[in-house]
Amino acid sequence: MKEKKELLVIIPANNEEQNISDVIKQLKAQRIEEIADLLVIDDASLDETVQAVESEGCPLVKNIFWLGYGNSLRLGYKYAVRGGYRYVIQMDGDGQHDACNIPVIYRKLKQKSPGGECPDIVLASRFMEGSSEFPISLLRRAAYAWFRFVIYIVTGRRIADPTTGLQGLSRKAFSYYSEYQHFDDQYPDANMVIQMLLLKFQVVEIPAVMHMRTGGQSMHGGLKAFWYMCRMFFEIPAIVFRIKGLKIDEGAGLKDADMAWKENEISKG
């Protein structure tokens, strides 16, 4: 019987037939399966993504209908909750996130601060000292600067890479995300960073190794980038109002991890 790990690596994928095989091969080549279980979540791909994953023998969940990037991740969080995992690391299926980051994020999730606390969320950054070189366009550079500014104004925290998709989550964090209306169903980026900081979850950043996409199409390409920015423009104030104004889930990040876990188990019945 295969030994169950405490770490689950979630890989959402939509029309990534050009990249997903190489992602899985890299994870296996770097022996990530020795420390983590893998799970690809196919979001109703119209290409050969499913066949590519199956040919690599990687565990797979298939969405019959397109649910969106955020909902695919949330499905992975629910899988992790049901499976009793203690940690989750999410990485994209487009080849931008190098597998070498996984052990580093995993160690950081388990590393205690001087105050004796472990991080709830580890953001793997493209823009810190020690990160690999990652060229970006002037337009994206401006968007990242705007997100950094908004996060600092709202939370007082400086976040170098507010839109990174490569993240590690503690049980408390992914259990919270798995619940209804706790996670953006389409574009979970800076809005979720703001939410979790305001809720007092422990968020840290570490430098990461990332690569440019070499094939396929980004979910932020074309007009999608416009809708993405519109969504952020309205959703960030809504999150701030919900937490600071209505006091919904205020202090959720301060709950004891085991207590949060027990409450989640009770809510499942």
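Heads up: these notes are all about the structure in this document. All chains use their own residue numbering, which begins from 1 and follows the written sequence. In view of the model being predicted, local features appear only for residues whose pLDDT reaches at least 70, and side-chain atom pairs are presented and counted only at 80 or more, with totals across whole chains, interfaces and linings using the full set of residues. Excluding hydrogens and water, the side-chain figures rest on all heavy atoms present in the structure.

## Let's talk about the packing of aromatic side chains
Any aromatic ring pair is given by two values, namely how distant the centres are and how the planes are angled relative to each other.
Part 1 of the argument: The aromatic pairing rule takes the rings of Phe, Tyr and Trp, using the six-membered ring of Trp, and pairs them if the centres are within 6.5 Å, calling planes under 30 degrees apart stacked, those over 60 edge-to-face and the rest tilted. Tallied over the entire structure, the rule returns 11 aromatic pairs.
Part 2 of the argument: With centroids separated by 5.6 Å and ring planes inclined at 55°, the aromatic side chains of Y176 and F201 adopt a geometry described as tilted. In this pair, Y176 sits in helix α6 (residues 171–177) while F201 sits in the loop between α7 (190–198) and β7 (203–207), placing the two residues 25 residues apart along the sequence.
Part 3 of the argument: The rule is simple: take the accessible area with a 1.4 Å probe, protein chains only, and divide by the maximum for that residue type; under 20% is buried, over 50% is exposed, in between is partly exposed. Classification of F201 as buried rests on a relative accessible area of 4%.
Part 4 of the argument: Members of the aromatic cluster, joined through ring pairs, are W146, F147, Y187 and Y228.
Part 5 of the argument: Criterion for a charge above a ring: Lys NZ or Arg CZ within 6 Å of the ring centre, and within 35 degrees of the ring normal. The aromatic ring of Y152 is capped on one face by R158, whose charged end is 4.0 Å from the ring centroid. Think of it this way: any DSSP run of H or I at least four residues long counts as a helix, any run of E at least two long counts as a strand, and we number them from the N terminus.

## Digging into the nonpolar core
Part 1 of the argument: What is meant by a nonpolar core is a set of buried Ala, Val, Leu, Ile, Met, Phe, Trp, Tyr and Cys residues, joined one to another through side-chain atoms within 4.5 Å. Core analysis: the biggest nonpolar cluster contains 42 residues, and Y77, Y177 and I194 have the highest contact counts within it.
Part 2 of the argument: Put simply, the parts of the chain that give this core at least two residues each are β1 (7–13), β2 (37–43), α3 (69–83), β5 (121–125), α5 (138–155), α6, α7 and α8 (223–245).
Part 3 of the argument: With seven residues, the single largest contributor to this core is α7.
Part 4 of the argument: Note on definitions: a residue-residue contact is assigned when non-hydrogen atoms from the two residues lie within 4.5 Å. Filtering out sequence-adjacent residues up to four positions away, I194 remains in contact with V150, I151, V154, T155, I236, I239 and V240.
Part 5 of the argument: Ranked by size, the runner-up nonpolar core spans 32 residues in total, among them A52, L109, A124 and L166.

## A closer look at the pairing of strand β6 (residues 167–170)
Part 1 of the argument: Because side chains alternate across β6, one face comprises the buried residues Q167 and L169, and the other comprises G168 and S170, equally buried.
Part 2 of the argument: Across four bridges, the pairing between strand β4 (residues 87–90) and β6 is antiparallel. Bridging across to β6, V88 finds its partner in L169. For two strands to count as paired, DSSP must find a minimum of two bridges between them.

## Regarding empty space enclosed by the protein
Part 1 of the argument: A pocket here means an open set of points on a 1 Å grid, computed over the protein atoms alone, that has protein on both sides within 12 Å along at least five of seven lines. A cavity is instead a set of points where a 1.4 Å probe fits but cannot get out; residues with an atom within 4 Å of a point line either one. Grid points are joined across faces, edges and corners, and a volume is the space filled by probe spheres set on the points. All chains considered together, the criterion is met by one cavity of 30 Å³ or more.
Part 2 of the argument: Computed from the structure, the largest cavity encloses a volume of approximately 80 Å³.
Part 3 of the argument: Surrounding the largest cavity, Q90, I121, L123, Q167, Y177, F183, P188, D189, M192, V193 and V203 form its lining.
Part 4 of the argument: Secondary-structure elements contributing two or more residues to the lining of the largest cavity are β5 and α7.
Part 5 of the argument: Under the convention adopted here, Pro, Cys and the residues Ala, Val, Leu, Ile, Met, Phe, Trp and Tyr are nonpolar, Asp, Glu, Lys and Arg are charged, and Gly plus all remaining residues are polar. In the lining of the largest cavity, the residues fall into eight nonpolar, two polar and one charged.

Shape descriptors only; they carry no functional weight alone.
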